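# Structure at a glance
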Amino acid sequence: MTTPPLRLLPWTTPEGNPCYLSTDNGRSLLSRLADDIEEAQLGSGEQVLAGARAVLADRKAGERAVRFALTRATESLEDVLRVAVSRGERVQAGRG
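Read on for an overview of the structure. (Residues numbered from 1 in each chain as written. Predicted model: local features only at pLDDT ≥ 70, side-chain atom pairs only at ≥ 80, totals over all residues. Heavy atoms only, no water.)

Turning to the overall build of the chain, a few remarks are in order. Each helix and strand counted, the chain has two helices and two strands in total. What you see in the chain, going N to C, is helices and strands ordered as β-β-α-α. Against the compact-globule benchmark of 12 Å for 96 residues, the chain has a radius of gyration of 17 Å, which places it well outside the compact range. Projected onto the principal axes, the alpha-carbon positions of the chain cover approximately 60 × 30 × 20 Å. Burial status across the chain gives 20% buried among its 96 residues. If you take every contact in the chain between residues at least 6 apart in sequence, the share linking residues at least 24 apart comes to 55%. Per element, the accessible surface of the chain, about 7200 Å² overall, is 57% carbon and sulfur. (Helix = DSSP H or I, 4+ residues; strand = E, 2+ residues; numbered from the N terminus. Rg over C-alpha atoms; globule rule 2.2 N^0.38 Å. Buried < 20%, exposed > 50% of the residue type's maximum accessible area, 1.4 Å probe, protein only. Contact = heavy atoms within 4.5 Å. Areas by Shrake-Rupley, 256 points an atom, 1.4 Å probe, with all protein chains shown as cover.)

What follows is the structure, given as structure tokens:
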């Protein structure tokens, strides 16, 4: 019997370390919660991108606005990359 691969979850520990889920049920409560959070993170990323584009298009935007937009964009990119890695690992596991 093979052990199912660990799922990278869309959140980290308070120290910033990754969290993983070990389950053979992709529809468990925690799996569904992780799916919902991933979707929320992707949606938030779209909103942050739109806001950042608006700030960059505004020639009068000050340094504070640009720094704020870049900070939020960096946070969103980190979330989206974690989602991509997690989903990529699950796709590869499905092929084995």
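Turning our attention to the pattern of salt bridges. Under the definition given, this model contains nine salt bridges. Ionic contacts of the salt-bridge type, sharing partners, join the residues Arg-7, Arg-27, Asp-35, Glu-38, Glu-39, Arg-87 and Arg-90 into one network. (Salt bridge = Lys/Arg side-chain N within 4 Å of Asp/Glu carboxyl O.)

We now examine the environment of Asp-58. Inspection of the secondary structure puts Asp-58 in the loop between helix 1 (29–57) and helix 2 (63–95). By relative accessible area, Asp-58 is classed as partly exposed at 40%. Note: C-alpha distance between Asp-58 and Pro-18 (40 residues apart in sequence) is 37 Å. Engagement of the side chain of Asp-58 in a polar contact is seen with the backbone nitrogen of Lys-60, the distance being 2.9 Å. (Polar contact = N/O pair within 3.5 Å; in protein donor to acceptor, adjacent residues only side chain to side chain.)

In strand 2 (residues 18–21), alternate side chains face the same way, and those of Cys-19 and Leu-21 are buried while those of Pro-18 and Tyr-20 on the opposite face are not. Inspection of the sheet shows strand 1 (residues 7–12) paired to strand 2 by three bridges, in the antiparallel sense. Note that in strand 2 the partner of Leu-8 across the bridge is Tyr-20. Between strand 1 and strand 2, which pair antiparallel and follow one another directly, the connecting turn spans five residues, one of which, Gly-16, has a positive phi of 90°. (Pairing = 2+ DSSP bridges.)

Topologically, Arg-53 is positioned in helix 1. Along the chain, Arg-53 and Ala-69 lie 16 residues apart, while their C-alpha atoms are 8.7 Å from each other.

What follows is about helix 1. Between its first and last C-alpha, helix 1 extends 42 Å over 29 residues, near the 42 Å set by a 1.5 Å rise per residue. Along helix 1, the positions that sit buried rather than exposed are Ser-31, Ala-34, Glu-38, Gln-41, Gly-45, Val-48 and Ala-52. (Expected span 1.5 Å × (residues − 1).)

Relative to the helices and strands, Arg-82 resides in helix 2. Apart from residues lying up to four places away in sequence, Arg-82 is in contact with Leu-8, Leu-9, Pro-10, Trp-11, Thr-12 and Gln-41.

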